[in-house]
Amino acid sequence: DAMVIQNPRYQVTQFGKPVTLSCSQTLNHNVMYWYQQKSSQAPKLLFHYYDKDFNNEADTPDNFQSRRPNTSFCFLDIRSPGLGDAAMYLCATSRGDTRPWGDTQYFGPGTRLTVL
Amino acid sequence: GQNIDQPTEMTATEGAIVQINCTYQTSGFNGLFWYQQHAGEAPTFLSYNVLDGLEEKGRFSSFLSRSKGYSYLLLKELQMKDSASYLCAVRDTNRDDKIIFGKGTRLHILP
């Protein structure tokens, strides 16, 4: 089955210790997104890739970086995690056939990050 | 700017019908999505409305009124597995068609 996969499902890191979350997709979608979702809050878009073009949200902290080495994979790097970065991190994809935005997004199961 | 408002929590009984409302204010509306999210899991797509009216899909229906900036998600014949958060999300043409999510409505189903 075509899907969006995130690893690991649960990640524990220490304050200030870099951590990388991964996302892969078998949907062959052009667009990949990273969202941060804290408890009882809306998913907050951090950035997205349209193919190889990286688009950062204006309010995404510099502490968050992303890489997309190929169509299938996308990584979220948190360079120096703080306690406030503990959250669920959701990866999503969309087709993006005619434009980068606006298509239905398909989400992975998320990675729950704990910062000690 | 953009505001998306939906109730924080609702409770309904198994077998009943529940309507979850969403109101939005956006400078450039171009479609509204409903997603279901079970606790600790990712959102899953339920419906998409861009024209006024009702879209029916099995036990779930979604309604849109563009002039009123209003949508609702109607869930019929409620089942225990419908206990989840329901996220309203709006596409904004004045923000490059980005999809902005509301905070979600947590629906509790009682037996």
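Quantities reported herein were computed from a predicted structural model and do not represent experimental measurements. (Residues numbered from 1 in each chain as written. Chains lettered and ligands numbered in written order. Predicted model: local features only at pLDDT ≥ 70, side-chain atom pairs only at ≥ 80, totals over all residues. Heavy atoms only, no water.)

Asks: Mind showing me how you'd approach the confidence of the model for chain A here?
Replies: In low-pLDDT segments, the atomic positions of the prediction should not be examined closely. Summing up the model confidence of chain A, the mean pLDDT is 90 and the portion of residues at 70 or higher is 94%. Averaged pLDDT values for the elements of chain A fall to 88 in strand 6 (residues 53-56) of chain A and rise to 97 in strand 8 (residues 73-78) of chain A. (pLDDT = per-residue confidence, 0-100. Helix = DSSP H or I, 4+ residues; strand = E, 2+ residues; numbered from the N terminus.)

Asks: Even after reading the chapter, I still don't get the interface of chain B and chain A, so can you show me in this structure?
Replies: Interface extent is often summarised as the accessible area lost during association of the parts. The partner chain A presents 20 residues to the 20 residues of chain B that form the contact. Surface buried jointly by chain B and chain A totals about 1,600 Å² across both partners, of which 54% is contributed by carbon and sulfur atoms. The tally of links from chain B across to chain A stands at zero salt bridges. Along the contact surface separating chain B from chain A lie three residue pairs in polar contact (both at pLDDT 80 or more). For the side of chain B that touches chain A, the secondary-structure elements that each account for two or more residues are strand 4 (29-37), strand 9 (84-92) and strand 10 (98-101) of chain B. (Contact = heavy atoms within 4.5 Å. Buried area = accessible area lost by both parts, 1.4 Å probe. Salt bridge = Lys/Arg side-chain N within 4 Å of Asp/Glu carboxyl O. Polar contact = N/O pair within 3.5 Å; in protein donor to acceptor, adjacent residues only side chain to side chain.)

Asks: I would appreciate a short explanation of the state of the cysteines in the present structure.
Replies: Simply put, disulfide is the name for a covalent bond between the sulfur atoms of two cysteines. Summed over all chains, the structure comprises two disulfides over all chains. Two residues share a disulfide in this structure: Cys 23 of chain A and Cys 91 of chain A, whose sulfurs sit 1.9 Å from each other. Judged by the sign of its S-S torsion, about -70°, the bond between Cys 23 of chain A and Cys 91 of chain A is left-handed. Placement of the pair is Cys 23 of chain A in strand 3 (residues 19-25) and Cys 91 of chain A in strand 9 (residues 87-94), with a sequence separation of 68 residues. Summarising the burial analysis for this pair, Cys 23 of chain A and Cys 91 of chain A share the class buried. Bridging Cys 22 of chain B to Cys 88 of chain B, the disulfide has an S-S length of 2.0 Å. Judged by the sign of its S-S torsion, about -70°, the bond between Cys 22 of chain B and Cys 88 of chain B is left-handed. With Cys 22 of chain B in strand 3 (residues 18-25) and Cys 88 of chain B in strand 9, the pair connects residues that are 66 residues apart, well separated along the chain. No disulfide involves Cys 74 of chain A; its nearest neighbouring cysteine sulfur is the one of Cys 91 of chain A, lying 6.1 Å away. (Disulfide = S-S within 2.5 Å. Buried < 20%, exposed > 50% of the residue type's maximum accessible area, 1.4 Å probe, protein only.)

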